[in-house]
Amino acid sequence: MSKYLITGGRKLRGELEISGAKNAVLPILAASVINGGVSVINGFPNLRDVDIMIKILMSLGCKVEKTYNSIIVNSRNIFTHEIDESLVREMRSSIFLMGPMLARFGKIKISYPGGCEIGHRPIDLHLKGLREMGVEITEAHGFLECSVKKLRGAEIHLDYPSVGATENIMLSAVLAKGKTLIRNPAKEPEIVDLQDYLNGMGAKIRGAGTSIIEIDGVDSLSNVEHRIMPDRIVAGTILSAAAITKSEITITNVIPDHIVSVISKLKEMGCIIIEKENELKIIPPSVLRPVDIIRTLPYPGFPTDMQPQIVSVLCLASGTSIVTETVFENRFKHTEELMRMGAKIKVDGRVAVIKGVRELTGAKVSAKDLRGGAALVLAGLAAEGTTIIENIKHIERGYDNFDLMLKKLGADIKVID
Ligand code: UD1
């Protein structure tokens, strides 16, 4: 099993181009089954999860070609509506196929995705929305069997602005009969990217990114070419790497508007951030200030996917900070590992109190989940001595060549067996 070996204490420098967004490309790839034609997806990140989604598409009968620049999916000849159980187990995002398969074929059989490292992750909101559009769902023996003669538009109020539920409902509504309104939808930028992709193939969707999404069902969709939006979480991770190592870095292919909440916290810590259109330069202070409180929230609040990385940075601030995780119930596993590196953190339920220390020290630690693993890498970059991070498969799910990215900026990091 591969591990990262990091020798900490090096300053980083230079410029890095941010890759396409994982959380945009996964629903978009799933959505490529909907048009029964060709979808060309550019600017995608090269990730294990992307390869798993491609495998799922191929198992359904899609032809998929992946080149250096593009993924080309031809979904004309899909021959099954059953999603391979082992692939669903490998990747939760396979549930994004529910909407598109129901829209095109009126049926899907998929195993229940279950919980994961960061929480229980129920899908009740997805199912409630689909039922309101006429889908019959039976749940038995760990499988969900869904079928519908013709999806019908509906007015759906989401009790919580779930990203996945919003996307599945949008996908179902595209070919439904009549108008669908989604009230209290998730407003994440990835929802806007999905809207743009679907509208590119002829869908009629308005309002993604606002508090009401309106979808007029259409009869058919056409071929499409789309460029994936930049990954705001990778951008935030690299800015955090700069802050924790007190290094000046410039990132390109970033949309500053997407990470305003992260930028504002880095500024509170004393970082200077210079914005240009698609570029951000960060100049960290010699001593990072603590922050009173960071609370994770749905967009445009502080992203839960940036919580672990910011906790690592706060470990080296000159005082005590409080971080509250409101989105997922089990997302502080990295704190125990950080404590092995000398961090002083107390976790009580959903609240972490982080007392800044002067120095972290290298240790052998283990990545328990994707963003928590990235947080350990950041700590390793700043720590005195050598850090070994086990279970990097979690990190590789969300970062396209993370080690090479950091190496390019001057970090001493390598993959060992
Ligand atoms: C997406 C992102 C993930 C990010 C999360 C929150 C992808 C592939 N993943 O996940 O990286 O951390 O948004 O920004 O885009 N919930 C329910 N019932 C449901 C659905 C969700 O109770 O039917 C709860 C979840 O358990 C969680 C909260 O709602 O506590 C937010 O989940 P959701 O927004 O759905 O996240 P995902 O779409 O799974």
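Relevant structure appears above.
Owing to the predicted nature of the structure, the values given are computational and were not obtained by experimental measurement.

Q: Can you break down the overall build of the protein residue by residue, with the values?
A: Helix and strand counts for the protein stand at 14 helices and 23 strands. For 417 residues, the compact-globule estimate of 2.2 N^0.38 gives 22 Å, and the C-alpha radius of gyration of the protein, at 21 Å, lies within 12% of that figure. Its C-alpha atoms give the protein principal-axis dimensions of about 65 × 45 × 40 Å. Out of the 417 residues in the protein, the part that is buried amounts to 58%. In the protein, the share of contacts with a sequence separation of at least 24, taken over all contacts with a separation of at least 6, comes to 72%.

Q: Pulling in residues and values, what's your account of the environment of Gly14?
A: Residue placement: Gly14 occurs in strand S2 (residues 14–17). Accessibility expressed as a relative area gives 38% for Gly14, which makes it partly exposed. In the structure, Gly14 is positioned 236 residues away from Thr250 in sequence and 6.3 Å away in space, judged by C-alpha atoms. Not counting residues up to four positions away in its chain, the partners in contact with Gly14 are Glu248, Ile249, Thr250 and Leu409.

Q: An account of the nonpolar core is needed here, citing residue identities and associated values.
A: In a soluble, globular protein the nonpolar side chains are often hidden away together inside. Grouped together as the largest cluster of nonpolar side chains are 77 residues, with contacts concentrated most on Leu29, Ile71, Leu97, Met98, Ile108, Tyr197 and Leu198. If you look at the next biggest cluster of nonpolar residues, it comprises 69 residues, including Met269, Val323, Ala374 and Leu406.

Q: Mind laying out the packing of aromatic side chains, listing which residues take part and the relevant values?
A: One pair of aromatic rings is described through two measures. These are the centre distance and the angle between the planes. Using the criterion set out here, one finds 1 aromatic pair in the structure. Taken together, a centroid distance of 4.4 Å and an interplanar angle of 25 degrees make the contact between Tyr399 and Phe402 stacked. An identical accessibility class is assigned to Tyr399 and Phe402; each is buried. Here Lys109 stacks its cationic end above the ring of Phe143, 4.9 Å away from the centre of that ring.

Q: Could you give an account of the sheet that holds strand S21 (residues 364–366), naming the residues involved and the relevant values?
A: If you trace the 4 strands from one edge of the open sheet to the other, you get S21-S22-S1-S23, paired in mixed fashion. The sheet terminates laterally at S21 and strand S23 (412–416), the two strands that pair on one side only. Across the sheet, the axes of successive neighbouring strands diverge by a mean angle of 25 degrees, strand direction being ignored. Alignment of strand S1 (residues 3–7) against S23, held across 5 bridges, turns out to be antiparallel. Residue pairing in the sheet places Lys3 in a bridge with Ile416 of S23. Helix H12 (residues 370–382) contacts S1, S21, strand S22 (386–390) and S23 of the sheet and is inclined by roughly 30 degrees relative to S1.

Q: Would you mind going over unusual backbone geometry in detail, with residue names and values included?
A: For the bond running from Tyr299 to Pro300, omega is 10 degrees, close enough to zero to count as cis. As for its placement among the helices and strands, Pro300 is situated in the loop between strand S17 (293–295) and helix H10 (307–314). Even without being a glycine, Asn253 presents a positive backbone phi close to 55 degrees. By secondary structure assignment, the location of Asn253 is in the loop between strand S14 (249–252) and helix H9 (260–268). A relative accessible area of 30% means that Asn253 is categorised as partly exposed.

Q: Break down the packing of helix H4 (residues 98–105) against helix H6 (residues 163–173) for me, with residues and values.
A: Across the interface, H4 lies against H6 with an axial gap of 7 Å and an inter-helix angle of 15 degrees. It follows from the interaxial angle that H4 and H6 lie roughly parallel. You can see that H4 and H6 cross each other, and the crossing is right-handed. Every residue of H6 that contacts H4 at Met98, Gly99, Pro100 and Ala103 is listed here: Asn168, Leu171 and Ser172. Tallied by class, residues from the contact of H4 with H6 come to 4 nonpolar, 3 polar and no charged.

Scoring rules and cut-offs
The written sequence of each chain sets the order in which its residues are numbered from 1. It should be noted that, the model being predicted, local features are given only for residues of pLDDT at least 70 and side-chain atom pairs only at 80 or more, the latter also being counted only at that level, while totals for whole chains, interfaces and linings use all residues. Excluded from the side-chain calculation are hydrogens and water; included are all heavy atoms of the structure. Counting from the N terminus, the helices are the DSSP runs of H or I reaching at least four residues and the strands are the DSSP runs of E reaching at least two. Our radius of gyration looks at C-alpha atoms and nothing else; its globule reference is 2.2 Å times the residue count to the power 0.38. Throughout this description, buried means an accessible area under 20% of the type-specific maximum (1.4 Å probe, protein chains only), exposed means over 50%, and partly exposed covers the range between. What makes two residues a contact is simply this: any of their non-hydrogen atoms within 4.5 Å. Buried residues of nine kinds, namely Ala, Val, Leu, Ile, Met, Phe, Trp, Tyr and Cys, make up a nonpolar core once their side-chain atoms join them within 4.5 Å. Aromatic pairs are defined between Phe, Tyr and Trp rings, using the six-membered ring for Trp, whenever the two ring centres lie within 6.5 Å; interplanar angles under 30 degrees are classed as stacked, those over 60 as edge-to-face, and all others as tilted. Any Lys NZ or Arg CZ that is within 6 Å of a ring centre and within 35 degrees of that ring's normal is treated as a charge sitting over the ring. Here, strands pair whenever DSSP counts at least two bridges between them. For helices, the fitted axis covers only the stretch in contact; all axes are lines through C-alpha atoms, and the angles between them, taken along N-to-C directions, range from 0 to 180 degrees. Roughly parallel means an angle under 35 degrees; roughly antiparallel means over 145; roughly perpendicular covers 65 to 115; every other angle is labelled oblique. Take the far helix as the reference: if the near one is turned anticlockwise from it by less than a right angle, the crossing is left-handed, and if turned clockwise, right-handed. Residue polarity follows a fixed list, in which Ala, Val, Leu, Ile, Met, Phe, Trp, Tyr, Cys and Pro are nonpolar, Asp, Glu, Lys and Arg are charged, and the others, Gly among them, are polar.

Scope: geometric values only; no functional claims are made or implied.
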